[in-house]
Amino acid sequence: RLIAKSMLTSGRHVANVRSSDLMRETLSSWGVEQTTENLQRLGRAMRDAFGLNVLPAALEHRLRSARGIVVWDGIRWFGDEALLRRLAPSCLVYVTASPIVRYDRLNLRREKAEELSGVKMSWEGFLETEAQDNERDVPTIGARADHTIENNFLEETALEKRVRDAARGAARVG
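What comes next is a walk through the structure. Since the model is a prediction, treat every value here as computed from it, not as a measurement.

## Comments concerning the overall build of the protein
Each helix and strand in the protein was counted, giving 10 helices and four strands. Taken from N to C terminus, the helices and strands of the protein fall in the order α-β-α-α-α-β-α-β-α-α-α-α-β-α. Among the 174 residues that make up the protein, the fraction classed as buried is 41%. When contacts within the protein are restricted to residue pairs at least 6 apart in sequence, those whose partners lie at least 24 apart make up 67%. Accessible surface, the protein as shown: approximately 10100 Å² in total, 53% of it carbon and sulfur.

## A word on the packing of helix α2 (residues 21-30) against helix α3 (residues 36-50)
Where α2 meets α3, the axes come as close as 10 Å, and the angle between the chain directions of the two elements is 105 degrees. Classified by the angle their axes make, α2 and α3 are roughly perpendicular. Along its contact with α2, which presents Met23, Arg24, Thr26, Leu27 and Trp30, the element α3 presents Asn38, Leu39, Leu42, Gly43 and Met46. Along the lines of polarity and charge, the residues of the contact of α2 with α3 split into six nonpolar, three polar and one charged.

## What about the layout of surface pockets?
Volume-wise, the second largest pocket comes out at about 210 Å³. Sorting the residues of the lining of the second largest pocket by element identifies α3 and α8 (123-130) as the ones contributing at least two each. Of all the elements, α3 adds the most residues to the lining of the second largest pocket, at four residues. Here the residues of the lining of the second largest pocket sort into one nonpolar, six polar and four charged.

## Some details on the side chain of asparagine 38
Counting through the fold element by element, asparagine 38 comes out in helix α3. Residue asparagine 38 is classed as buried on the basis of its relative accessible area, which comes to 17%. Within the local environment of asparagine 38, its side chain forms a polar contact with the backbone oxygen of glutamate 33, the two atoms lying 2.8 Å apart. Once residues lying within four places of it in the same chain are set aside, the contact partners of asparagine 38 are Leu27, Val32 and Glu33.

## A few points about the pattern of salt bridges
For the structure on display, the rule yields 11 salt bridges. The partner of arginine 86 in a salt bridge is glutamate 60, and the shortest N-O contact between them spans 3.8 Å. Here arginine 86 is found in helix α5 (residues 78-86), whereas its partner glutamate 60 is found in helix α4 (residues 54-65), with 26 residues between them in sequence. Salt-bridge contacts for arginine 144 lead to glutamate 81; the nearest nitrogen and oxygen are separated by 2.5 Å. Of this pair, arginine 144 sits in the loop between α9 (138-143) and β4 (147-150) while glutamate 81 is found in helix α5, placing the two residues 63 residues apart along the sequence. Salt bridges sharing partners connect three or more residues here, namely Arg44, Arg47 and Asp133.

Reading guide: rules and limits
The residue numbers shown here count from 1 along each chain, following its written sequence. Given that the model is predicted, a residue must reach a pLDDT of at least 70 before its local features are reported, and side-chain atom pairs must reach 80 or more before they are shown or counted; all residues, however, enter totals for whole chains, interfaces and linings. For side-chain calculations, the full set of non-hydrogen atoms in the structure is used, while hydrogens and water are omitted. For helices the rule is a DSSP run of H or I covering at least 4 residues; for strands it is a run of E covering at least 2, with both sets numbered from the N terminus onward. Residue burial is assigned from relative accessible area. The probe radius is 1.4 Å, only protein chains are included, and a residue is buried under 20% of its type maximum, exposed over 50%, and partly exposed in between. Residue contacts are defined here by distance: any two heavy atoms, one from each residue, within 4.5 Å place the two residues in contact. Per-residue accessibility takes into account occlusion by the displayed protein chains alone, with areas from the Shrake-Rupley method and a 1.4 Å probe. Inter-axis angles, ranging from 0 to 180 degrees, are taken between N-to-C directions of lines fitted to C-alpha atoms, where helices are fitted over the stretch in contact. Roughly parallel means an angle under 35 degrees; roughly antiparallel means over 145; roughly perpendicular covers 65 to 115; every other angle is labelled oblique. Any residue that is not Ala, Val, Leu, Ile, Met, Phe, Trp, Tyr, Cys, Pro, Asp, Glu, Lys or Arg is counted as polar, Gly included; the first ten are nonpolar and the last four charged. Definitions used throughout: a 1 Å grid over protein atoms alone; a cavity as a set of points that fits a 1.4 Å probe which cannot get out; a pocket as an open set with protein on both sides within 12 Å along at least five of seven lines; a lining residue as one with an atom within 4 Å of a point. Grid points are joined across faces, edges and corners, and a volume is the space filled by probe spheres set on the points. We define a polar contact as two N or O atoms separated by no more than 3.5 Å, with the added condition that, inside protein, one atom must be a possible hydrogen donor and the other a possible acceptor, whereas residues neighbouring each other in sequence contribute only through side-chain atom pairs. One speaks of a salt bridge when a side-chain nitrogen belonging to Lys or Arg is within 4 Å of a carboxyl oxygen belonging to Asp or Glu.

So this is what it looks like as structure tokens:
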């Protein structure tokens, strides 16, 4: 979100697409809660039934039809990365943080049903989530990124300069 916000200063239209959008929309249309587990189960079922590249293929139309700069949030699979590279010009910005910072953020945000309940996820539960198949490719993809941002801050203001610098570099690509 912060990257998309920073890109707005370029004066160009910015579209934000999340990898989980299609799965969130599907769960919503079915009346199923948008929990981490349900998102992971649906993604796994789609890939098992229709192939590893089913989700990137479904997102491709959205990405190609978006105007201006497109910020694709949540690239987690090699198929996602391959699609991004086909959408030239493109720039992959890897935003990473230590496990403890990711854990703290997870317990502060309010996006998914279990986060809205106010019940704090245990450290063990967090580690189980981090070991799921949707996280497996992330470090390898991150190692090939055009830019890397270490986001070990809980406050956005402490991160904004790093994001602004990477956003400027990415905007020059497009």
